[in-house]
Each structure stands twice: as structure tokens, then as C-alpha cells.
Amino acid sequence: MGQELSAVRPQGCTHMKVRQLSRLVGRYYDEAHGQATGLKSTQYALLSFVLKLGPLRPGDLAAAMRLDASTLSRNLQPLVAQGWVRQLPGEDARSRLVEITDEGRAVREQSQRAWKKAQLKVNAVLGAERVVALHALLDDCIGLLQAAEDA
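Residues numbered from 1 in each chain as written. Predicted model: local features only at pLDDT ≥ 70, side-chain atom pairs only at ≥ 80, totals over all residues. Heavy atoms only, no water.

**Q** Please clarify how the overall build of the chain should be interpreted in this entry.
**A** From N to C terminus, the chain includes six helices and two strands. Reading the secondary structure of the chain in the N-to-C direction produces α-α-α-α-β-β-α-α. The C-alpha atoms of the chain give 19 Å as radius of gyration, which overshoots the globular expectation for 151 residues (15 Å, by more than 25%). Counting only C-alpha atoms, the chain reaches 60 × 40 × 20 Å along its principal axes. Here the chain holds 151 residues, and the buried ones make up 24% of them. (Helix = DSSP H or I, 4+ residues; strand = E, 2+ residues; numbered from the N terminus. Rg over C-alpha atoms; globule rule 2.2 N^0.38 Å. Buried < 20%, exposed > 50% of the residue type's maximum accessible area, 1.4 Å probe, protein only.)

Here is the structure:
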């Protein structure tokens, strides 16, 4: 019972456990979004970030979402093709800005209701206290990993 912290040894692969949790939780959100609007939860998140922060440079959007540039570019393409996001010229010939369109705002608003439904379902399955603790632990881990990466 009085184990020293240094004697605690994690079992299993942390990456795999985080991925398993992500896939299981993601199913709730993808199902809700898919039924409501056909959006994937990742597309909903991208629209939400562009709505909140835009218009902004793709590099700034990638940093805010903690994505690499190629992943962001790949995820933006279907939203641009649907007319939900547009790319505008930036400050100079080499730069550009990403902005949500009126159609993007409408689909994001419709999908937000689906997000809320999924959020409430996950909270009910896991319990609100566990979700709050999970968020705190995840935020702490993200901060530590980001600080180590930045160092």
C-alpha cells in the first residue's frame, strides 16, 4: 500500500491506450455529426477553430490545433471543396489566410447541436466527475509534453 512513486511502473503502451480512448470517444462524436450533417468530428473541430480564430494563416491554425502543416492541408481540402472554408490572399504573394464561409457557419451551427448530444452522452457514460478529472489530466499532460517539445 505504501508504494513509493519511483516503484510505480506503467504497464502497456501509453500511445496505444490514448489511441484506444480516442477512437472509442470519437465514435460518439462521429456518429452524432454524421447523422446530423455528414461532418466528421475532426471537420467540426476545424470549422470551430476557423470560426473562432479566423481569418488566420494556415500555420497559425495548425499551431492552435497542434497539427502539422501537411495534416492541416489535407483536412482543409474537403472543407474548401464543400465551400465551407475559403483561402484568401495574405499579406504578400506567398501567404494566405483561411476563413469560414456563411455556408460553413451554417453547417457548423447545425453540427454543434450534434456535438452537444455526443458530449452529453459521453458525460453520462463516463460520469461528470471522471470527465472533469480526465480533462484536467489531459491538459496537464499536454502542457508537460508541449513544454518538453519546446525545450
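**Q** Before we go on, may I ask you to explain the packing of helix α1 (residues 14-36) against helix α5 (residues 102-126) in this structure?
**A** Helices that pack against each other are described as a pair by the angle of their axes relative to one another and the distance between those axes. Between α1 and α5, the shortest axis-to-axis distance is 8 Å and the interhelical angle comes to 150°. Judged by the inter-axis angle, α1 sits roughly antiparallel to α5. Taken as a pair, α1 and α5 cross one another with a handedness that is right-handed. Of the residues in α5, those in contact with Val25, Tyr28, Tyr29, Ala32, His33, Gln35 and Ala36 of α1 are Gln110, Ser111, Ala114, Trp115, Lys117, Ala118, Gln119, Lys121, Val122 and Val125. Along the lines of polarity and charge, the residues of the contact of α1 with α5 split into ten nonpolar, five polar and two charged. (Axes fitted to C-alpha atoms, helices over the stretch in contact; angles between N-to-C directions. Parallel < 35°, antiparallel > 145°, perpendicular 65-115°, else oblique. Left-handed = near helix turned anticlockwise from the far one by under 90°. Contact = heavy atoms within 4.5 Å. Nonpolar A, V, L, I, M, F, W, Y, C, P; charged D, E, K, R; others polar.)

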